[in-house]
Amino acid sequence: MRIQMKILMMACLVLCLISTAYAAQGNAVYYDPPYTKSACYQNQDHGTMVTGVSDTLWDGGRACGRKYKVQCVRGANTAPHPCHDGASVEVEVVDYCRQPCNGVLNLSKDAFAVIADPVAGKVQVEYNPV
Ligand SMILES: *[C@@H]1O[C@H](CO)[C@@H](O)[C@H](O)[C@H]1NC(C)=O
């Protein structure tokens, strides 16, 4: 029994390490303020560090209120040097990005501007639940 427990714990540890090494990636776009029109909270102000999510993360609306730490990985088009290297931003899910959503995340312009140049319009990001 004890040995089985240890094996189980080792397996869990390895899986946890692997899952953090391969963080989820996808495209992010952005939208302009005001950010109060939202599928989660009607006309409630949840600040400027907010995002809409597409079906990948929406989870039938259970995504509302979840938080993600987002970083720019690389450009998703020909815009030169779109990423602000080393920058990350924490955003709260407040909206649904319906198809055709151009990304997994539809960030507020304020959040997008922290991690990338808004001129690029769209970038590839890495996102992790907070
Ligand atoms: C991003 O969200 C806004 C606000 O809900 C929406 O108007 C816009 O169409 C979305 N952008 C995309 C690319 O779906």
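Given the structure is predicted, the values throughout are model-derived calculations rather than measurements. (Residues numbered from 1 in each chain as written. Predicted model: local features only at pLDDT ≥ 70, side-chain atom pairs only at ≥ 80, totals over all residues. Heavy atoms only, no water.)

A. Fine view of the layout of surface pockets. In this structure, the largest pocket encloses a volume near 220 Å³. What lines the largest pocket is Tyr 31, Asp 32, Pro 34, Lys 37, Ser 38, Ala 39, Gly 52, Asp 95, Tyr 96, Cys 97, Arg 98 and Asn 106. Of the residues in the lining of the largest pocket, the class split is 5 nonpolar, 3 polar and 4 charged. (1 Å grid on protein atoms, 1.4 Å probe; cavity = no way out; pocket = protein on both sides within 12 Å on 5 of 7 lines; lining within 4 Å. Points joined across faces, edges and corners; volume = space filled by probe spheres on them. Nonpolar A, V, L, I, M, F, W, Y, C, P; charged D, E, K, R; others polar.)

B. Focus on the environment of Asn 43. With respect to the helices and strands, Asn 43 occurs in the loop between β1 (24-31) and β2 (50-53). Classification of Asn 43 as exposed rests on a relative accessible area of 66%. The spacing of Asn 43 and Gly 26 is 17 residues in sequence and 28 Å in space, taken between C-alpha atoms. (Helix = DSSP H or I, 4+ residues; strand = E, 2+ residues; numbered from the N terminus. Buried < 20%, exposed > 50% of the residue type's maximum accessible area, 1.4 Å probe, protein only.)

C. Molecular detail of the site of the ligand. All residues in the neighbourhood of the ligand are listed as Val 29, Tyr 31, Asp 95, Cys 97, Asn 102 and Asn 106. Here an oxygen atom of the ligand and a side-chain polar atom of Asp 95 are 2.6 Å apart. One of the side-chain nitrogen or oxygen atoms of Asn 106 is found 2.3 Å away from an oxygen atom of the ligand. When isolated, the ligand has an accessible area of 360 Å², and the protein chains bury 62% of it. According to the grid-proximity analysis, the pocket containing the ligand is the largest pocket. Of the residues contributing to the shell around the ligand, the split by class is 3 nonpolar, 2 polar and 1 charged. (Near = heavy atom within 4 Å. Polar contact = N/O pair within 3.5 Å; in protein donor to acceptor, adjacent residues only side chain to side chain. Areas by Shrake-Rupley, 256 points an atom, 1.4 Å probe, with all protein chains shown as cover. Sits in = over half its atoms within 2 Å of the grid points.)

D. Molecular detail of the state of the cysteines. A complete count under the given rule lists 3 disulfides for this structure. Note that Cys 40 is cross-linked by a disulfide to Cys 64, the S-S spacing being 2.0 Å. Across the disulfide from Cys 40 to Cys 64, rotation about the S-S bond amounts to roughly -80°, and the bridge is consequently left-handed. Note that Cys 40 is positioned in the loop between β1 and β2 and Cys 64 in the loop between α2 (55-58) and β3 (67-75), a separation of 24 residues in sequence. (Disulfide = S-S within 2.5 Å.)

E. The arrangement of the nonpolar core in detail. In terms of nonpolar packing, the biggest core is built from 29 residues, with Val 70, Leu 105, Leu 107, Ile 115, Val 125 and Tyr 127 touching the most fellow members. Every element with two or more residues in this core is listed here: β1, β2, α2, β3, β4 (88-96), β5 (105-108), α3 (109-115) and β6 (123-129). Looking at which element gives the most residues to this core, the answer is β4, with 4 residues. Ignoring any residue separated from it by four or fewer positions in sequence, one finds Leu 105 in contact with Asn 27, Ala 28, Val 29, Thr 51, Gly 52, Val 53, Leu 57, Val 70, Val 125 and Tyr 127. (Core = buried A, V, L, I, M, F, W, Y, C linked by side-chain atoms within 4.5 Å. Contact = heavy atoms within 4.5 Å.)

F. How the structure looks around the sheet that holds β1. Judged by pairing direction, the barrel is mixed, and its 6 strands sit side by side in the order β1-β5-β2-β4-β3-β6 before closing back on the first. Neighbour-to-neighbour, the strand axes of the sheet open up by a mean angle of 45°, direction not taken into account. (Pairing = 2+ DSSP bridges. Axes fitted to C-alpha atoms, helices over the stretch in contact; angles between N-to-C directions.)

G. Just the pattern of salt bridges, in detail. Within the structure shown, the criterion is met by 2 salt bridges. Salt-bridge contacts for Asp 59 lead to Arg 62; the nearest nitrogen and oxygen are separated by 3.1 Å. For Asp 59, a relative accessible area of 30% corresponds to the partly exposed category. Across the salt bridge formed by Asp 59 and Arg 66, the nearest N and O atoms sit 3.0 Å from each other. One salt-bridge network, held together by shared partners, links Asp 59, Arg 62 and Arg 66. (Salt bridge = Lys/Arg side-chain N within 4 Å of Asp/Glu carboxyl O.)

By themselves, these figures tell us nothing about what the structure is for.
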